[in-house]
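Chain by chain, the residues:
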Amino acid sequence: MKGSVDLADYICLAGKRDVRICAMTLNSSNTARLADVLADHDDAFLAAYLDDETAISYDQVRAGLAAAVRRGCVHPVFYGSAVTGAGVGPLTGGLREFLPAAAGNADGPVSGVIFKVERGPAGEKIAYARMFSGTVRTRDQLRFGGDRKGRVTAISVFERE
């Protein structure tokens with residue numbers, strides 16, 4: 001990585017097209033720093049780290065980081081720009097790696113949250129939903145927003161890449 005970018009750069013560039021993304025990668029120079037953070041939240045990791053800090057591998061730190069995030073002990077921060085798309089790849093990668101997929105109950109009542117609505121190429125409404133339980137099929141009539149109802153005309157699924 002060329003140069004270093006400090007948090008003040010992100011603050012100054014927030015919302016601007018010239019935002020720069022500085023990804024922190026796990027390598028020998030910062031693995032020890034992350035191991036110190038993880039040792040504060042995991043007794044088994046701490047014991048292994050104290051036994052021989054040089055024996056802590058990249059894979060152990062990565063797995064420990066993912067486990068700590070899932071427990072809510074460590075909170076990685078991702079910066080990016082919706083305008084330019086800078087940083088979107090690391091964000092989606094982090095979501096896949098650090099946040100567990102919800103189990104859900106396919107036989108339960110239909111429950112979900114629509115988080116985005118857009119128009120498709122033919123002018124149709126496309127609603128993006130995060131499902132918590134239940135099963136939705138084409139031609140189902142669903143209730144949303146109180147007393148409003150809508151018919152499902154097509155379904156596409158994206159999940160667990």
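Located above this text is the structure these notes cover.
Residues numbered from 1 in each chain as written. Predicted model: local features only at pLDDT ≥ 70, side-chain atom pairs only at ≥ 80, totals over all residues. Heavy atoms only, no water.

**Q** What is the right way to read the overall build of the chain from this model?
**A** Each helix and strand counted, the chain has five helices and four strands in total. From first element to last, N terminus to C terminus, the chain shows the α and β order α-α-α-α-α-β-β-β-β. Out of the 161 residues in the chain, the part that is buried amounts to 18%. In the chain, the proportion of contacts linking residues at least 24 apart, taken out of those at least 6 apart, comes to 38%. When the accessible area of the chain is evaluated, it comes to approximately 12000 Å², of which 54% is carbon and sulfur surface. (Helix = DSSP H or I, 4+ residues; strand = E, 2+ residues; numbered from the N terminus. Buried < 20%, exposed > 50% of the residue type's maximum accessible area, 1.4 Å probe, protein only. Contact = heavy atoms within 4.5 Å. Areas by Shrake-Rupley, 256 points an atom, 1.4 Å probe, with all protein chains shown as cover.)

**Q** In this structure, what is going on with unusual backbone geometry? I would like to understand it.
**A** Most of the time, phi is negative for any residue but glycine, and the peptide bond is trans. For arginine 139, which is not a glycine, the phi torsion comes out positive at approximately 80 degrees. Inspection of the secondary structure puts arginine 139 in the loop between β2 (125-133) and β3 (141-144). On the basis of relative accessible area, arginine 139 is assigned to the exposed category, the value being 64%.

**Q** Is there a simple way to explain the packing of helix α2 (residues 31-39) against helix α4 (residues 58-71) in this structure?
**A** A pair of packed helices can be characterised by two numbers: the angle between their axes and the separation between those axes. Two elements in contact, α2 and α4, have axes separated by 10 Å at closest approach and are oriented at 40 degrees. Classified by the angle between their axes, α2 and α4 sit oblique to one another. Viewed along their axes, α2 and α4 form a crossing whose handedness is left-handed. Here α2 contributes Thr31, Leu34, Ala35 and Leu38 to the contact with α4, which in turn contributes Val61, Gly64, Leu65 and Ala68. (Axes fitted to C-alpha atoms, helices over the stretch in contact; angles between N-to-C directions. Parallel < 35°, antiparallel > 145°, perpendicular 65-115°, else oblique. Left-handed = near helix turned anticlockwise from the far one by under 90°.)

**Q** Can you walk me through the pattern of salt bridges in this structure?
**A** Pairing of side chains with opposite charge becomes possible as their charged atoms draw close. Enumeration over the complete set of coordinates arrives at two salt bridges. Here glutamate 118 makes a salt bridge to lysine 116, at a shortest N to O gap of 3.5 Å. The exposure class of glutamate 118 is partly exposed, given its relative accessible area of 28%. Here aspartate 147 ties to arginine 143 by a salt bridge, and the two come within 3.9 Å at their closest N and O atoms. Accessibility classification places aspartate 147 together with arginine 143 in one group, the exposed group. (Salt bridge = Lys/Arg side-chain N within 4 Å of Asp/Glu carboxyl O.)

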